Structure formats: structure tokens, C-alpha cells
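# A closer look at the structure
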Amino acid sequence: MPVDPQLRNLDIEIPTQPEVLVKLSLLMAAEDIDLQAMSALVETDMALAAAVMKAVNSSLYGLRGRVQTVHQALTYLGMREVAAITFEMGLRAAFPAAAELESVWSRASQRGLLMGRMGQMLGVDPWAAHSAGLFEECGKAVLYRHAPTHYPAMLRAATRDADLVELEKTAFGVSHDALGAALCESWGLAPAAVASVRYHVEIQSTLTMPESLARRSVAAISAVAWALLNHPDQLDDVASQIAPQAQLDETLVLRAARRVNEQLLAAQEHGR
């Protein structure tokens with residue numbers, strides 16, 4: 001998919017999608033996904049396969065016993081979650097290692113897993129929801145790579161993403177939400193995931209969906225996940241305002257959010 005033409009005029013590079021993720025995207029798009037082909041593909045990149053194994057065996061998943069192969073990971077976790085871990089590792093590898101970005105990647109893992117499982121419970125495309133969660137803050141990595149000496153100060157100065165967006169527009173003429181959406185689009189993510197990444201800051205700040213937003217379910221799950229992870233005391237209020245705008249049942253949304261959160265907490269407790 002083409003990148004927004006206006007962004008082409010800016011001197012900010014959008015990293016290209018790694019070849020292994022291009023091939024993985026094609027496998028994920030097939031009606032009948034070949035698990036053997038998927039595991040073989042990931043294992044062709046030794047560094048990527050090692051990173052996937054490390055992630056699978058982390059406390060986030062709380063698996064019993066140590067998983068030693070990608071095929072085992074697919075068996076225990078399923079193709080969507082292993083594919084998402086692979087995308088996460090591929091995304092991280094596209095940017096320089098930096099302490100300032102570690103919190104971005106940490107949030108991406110948890111948010112992606114939460115959104116994917118919520119999507120599955122709510123009948124919303126779980127792959128689109130999971131990838132939207134993973135890529136939500138990736139525009140920050142794009143700006144960090146573009147301005148490594150200046151951008152960390154912005155990250156420290158802004159207490160809210162809404163404030164960070166204003167600082168970014170002043171300094172660069174573009175904000176991380178727009179850049180993140182451009183990266184998602186150029187990497188071929190689902191339109192619903194692209195839209196969620198593009199509008200997540202606005203929706204979190206106002207609890208109002210833009211009128212132009214056609215695909216709303218993933219964006220709604222994003223807002224609920226944000227509340228659950230950052231402002232759990234506001235979860236009911238956020239769900240009551242967001243769910244109707246996406247034609248989702250508020251009660252079901254709350255039930256899914258709390259159930260998945262319990263799953264993740266239990267997994268982390270088991271993994272300790």
C-alpha cells in the first residue's frame with residue numbers, strides 16, 4: 001500500500017518491511033494456513049527464531065515447560081500469537097537498540113496480546129487487533145531513529161501522548177501517530193489496524209471516534225486496552241463511551257477486557 005504522499009516530502013525515512021515478514025504476511029492471508037511452512041519460514045532467520053523463542057518462553061505467556069522450537073510454539077500458542085511475536089521482533093530489528101525505546105516495545109507486547117485476545121472474544125478480526133496493538137507506538141521509533149539526539153528529550157518532557165504529538169508537529173511537521181500509520185500501511189497491515197494506529201492518540205484523548213473513521217472496532221478495542229493498562233479505574237467509563245461508537249456491546253467489551261487481563265496476570269504469575 002502507498003505511503004501518504006505528504007509524508008514523502010518530509011526527510012523522515014520509513015523502514016521497509018523485512019523480507020521474512022513479507023512472506024509471513026502472505027502465509028497469514030491464506031485461507032488454510034500451513035503451520036509447517038510458517039515454522040520453517042521463521043526458522044530460516046536464526047536471529048529472529050531465537051528472539052521468538054525468548055519471547056515465547058517469557059512470563060507474558062506463562063507456558064508450562066520450555067518451548068524449544070517454533071513449531072512447538074505454534075502448537076501451544078497458535079499461529080496468530082506466534083506470527084505477532086515474529087512481527088514484533090522484526091519491527092524491533094528495523095530500528096536501533098535504544099534504552100529509551102524499551103518501554104515502547106514492552107507495552108507493544110502486552111497491548112498486542114491483550115487486543116488480539118479481546119478481538120477474538122468479540123468477533124473482531126484478531127490479527128488486525130493484535131497487529132494494531134503491536135504497532136500503535138511504532139511512530140516513536142521512527143522519530144527516534146530520525147532524531148536520536150533530540151527526540152528522547154521530547155519523550156521525557158511529554159506526560160501524555162497528546163502533548164507529545166504537539167511537540168512532534170512543532171519539531172518535525174508530523175507526529176508519531178501519522179508516521180506509525182504510514183509504516184503500517186507500507187508494511188501491508190489491515191486497513192482497520194492502520195486506522196487504529198492513526199487515530200489512537202485522538203481517541204484516547206477525547207473518547208470520540210472521528211466521523212471519517214469507517215473501521216471502528218479495532219480502534220475501540222485499542223481505547224479500552226489503553227484504559228485497562230493505564231487507567232483501570234476509568235475502564236467502565238471508557239467502555240461506555242467507546243463501545244457504542246463502534247456498535248459493540250459495552251457489557252461484552254468489559255467482560256472480554258477483564259477476562260483477558262486475568263489471563264495475562266495469571267500467566268505472568270505462573271512464569272515467575
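About the cut-offs
Position numbers for residues count from 1 along each chain, tracking the sequence in the order it is written. Totals for whole chains, interfaces and linings use every residue, but because this is a predicted model, local features are given only for residues with pLDDT of at least 70 and side-chain atom pairs only at 80 or more, for both listing and counting. Only hydrogens and water are removed before side-chain values are computed, so all heavy atoms of the structure are retained for them. What counts as a helix is a DSSP run of H or I of at least four residues, what counts as a strand is a run of E of at least two, and both are numbered from the N terminus. Remark: exposure states derive from per-residue accessible area (1.4 Å probe, protein chains only) relative to the maximum for the residue type, with buried under 20%, exposed over 50%, and partly exposed in between. We call two residues in contact when some of their heavy atoms are within 4.5 Å. Helix span, expected: 1.5 Å multiplied by one less than the number of residues in the helix. UniProt positions are given in the numbering used here, feature names are shortened, and annotations may be inferred rather than shown by experiment. In this text, buried Ala, Val, Leu, Ile, Met, Phe, Trp, Tyr and Cys residues form a nonpolar core when linked through side-chain atoms within 4.5 Å. Ring geometry is summarised as follows: Phe, Tyr and Trp rings, the Trp one being its six-membered ring, pair when their centres sit within 6.5 Å, and such pairs are stacked at plane angles under 30 degrees, edge-to-face over 60 and tilted between the two. Comment: the charge-over-ring label is applied if NZ (Lys) or CZ (Arg) is within 6 Å of the ring centre and within 35 degrees of the ring normal. To obtain an axis, a line is fitted to C-alpha atoms, over the contacting stretch when the element is a helix, and the angle between two such axes runs from 0 to 180 degrees between their N-to-C directions. Oblique is the label for any angle not covered by the other classes, which are roughly parallel (under 35 degrees), roughly antiparallel (over 145) and roughly perpendicular (65 to 115). Rotating anticlockwise by less than a right angle from the far helix to the near helix defines a left-handed crossing, while the corresponding clockwise rotation defines a right-handed one. Residues were grouped as follows: Ala, Val, Leu, Ile, Met, Phe, Trp, Tyr, Cys and Pro as nonpolar; Asp, Glu, Lys and Arg as charged; and all remaining residues, including Gly, as polar.

### Description of the overall build of the protein chain
Counting secondary structure elements, the protein chain contains 16 helices and 0 strands. Dimensions of the protein chain, computed from C-alpha atoms along their principal axes, come out at roughly 50 × 45 × 35 Å. For the protein chain, the proportion of its 272 residues judged to be buried stands at 51%. Taking the contacts inside the protein chain whose residues are at least 6 apart along the sequence as the reference set, 64% of them involve residues at least 24 apart.

### A few points about helix 13 (residues 191-206)
With 16 residues, helix 13 should cover 22 Å at 1.5 Å per step; its first-to-last C-alpha distance of 22 Å lies within 8% of that length. When we look at burial in helix 13, the residues that qualify are Ala192, Ala193, Val194, Ala195, Ser196, Val197, His200, Val201, Ile203 and Gln204. Next to the buried residues of helix 13 lie helix 8 (126-135), helix 11 (161-172), helix 12 (176-186), helix 14 (217-230) and helix 15 (235-242). Of the residues trailing helix 13, Leu207 is marked for its positive phi of about 55°.

### A few points about the side chain of His200
By the element assignment, His200 lies in helix 13. When its relative accessible area of 2% is taken as the criterion, His200 is described as buried. If we ignore the near neighbours within four places in the chain, the residues touching His200 are Glu136, Asp161, His176, Asp177 and Ser222.

### A short note on the UniProt feature "domain: HDOD" (unreviewed entry) in the protein chain
Residues annotated in UniProt with the feature "domain: HDOD" (unreviewed entry) correspond here to residues 14-203. For residues 14-203, the end-to-end C-alpha separation is 24 Å, with 72% helix and 0% strand making up the annotated structure.

### Some points on unusual backbone geometry
You will see that Leu207, though not glycine, has its phi angle at about 55°, which is positive. Looking at Leu207, the relative accessible area reads 13%, which means it is buried. The phi dihedral of Gln247 falls on the positive side, at around 55°, and the residue is not glycine. Among the secondary structure elements, Gln247 is positioned in the loop between helix 15 and helix 16 (250-271).

### Concerning the environment of Val67
Assignment of secondary structure puts Val67 in the loop between helix 4 (46-56) and helix 5 (70-77). The class of Val67 is buried, set by a relative accessible area of 3%. The spatial distance from the C-alpha of Val67 to the C-alpha of Lys54 is 9.1 Å, given a sequence separation of 13 residues.

### Observations regarding the environment of Ala158
Its location among the elements puts Ala158 in the loop between helix 10 (151-157) and helix 11. Given a relative accessible area of 15%, Ala158 falls into the buried group. For the pair Ala158 and Leu74, spaced 84 residues apart in the sequence, the C-alpha separation amounts to 39 Å. Once residues within four sequence positions are removed from consideration, Ala158 is found in contact with Asp163, Leu164 and Leu167.

### A word on the nonpolar core
Ranked by internal contacts, the top residues of the largest apolar core, which has 98 residues, are Met118, Phe135 and Leu183. With 10 residues, the top contributor of residues to this core is helix 14. When residues no more than four places from it in sequence are discounted, the contact partners of Met118 are Ile221, Val224, Val253, Ala256, Ala257 and Val260.

### Brief notes about the packing of aromatic side chains
Geometrically, a pair of aromatic rings is defined through the distance of the ring centres and the angle of the planes. Applying the stated rule across the entire model yields 5 aromatic pairs. Ring geometry for Phe95 and Trp105: centres 6.2 Å apart, planes at 35°, overall tilted. Within this pair, whereas Phe95 is found in the loop between helix 6 (79-93) and helix 7 (102-122), its partner Trp105 is found in helix 7, the two being separated by 10 residues in sequence. For the ring pair Tyr151 and Phe172, a centre distance of 6.3 Å and an interplane angle of 55° mean the geometry is tilted. Here the residue Tyr151 occupies a position in helix 10, and Phe172 occupies one in helix 11, the gap between them amounting to 21 residues. Aromatic rings pair up to connect Phe87, Trp127, Phe135 and Trp187 into one cluster. When the ring centre of Tyr199 is taken as origin, the NZ or CZ atom of Arg198, which lies over that ring, is 5.6 Å away.

### Comments concerning the packing of helix 6 against helix 7
Across the interface, helix 6 lies against helix 7 with an axial gap of 11 Å and an inter-helix angle of 155°. One finds that helix 6 runs roughly antiparallel with respect to helix 7. At the point where helix 6 passes helix 7, the crossing takes the right-handed sense. Packed against helix 6, whose contacting residues are Arg80, Glu81, Glu88, Leu91 and Arg92, the element helix 7 presents Glu102, Trp105, Ser109, Leu113, Gly116, Arg117 and Gln120 at the interface. Class assignment of the residues belonging to the contact of helix 6 with helix 7 gives a composition of 3 nonpolar, 3 polar and 6 charged.

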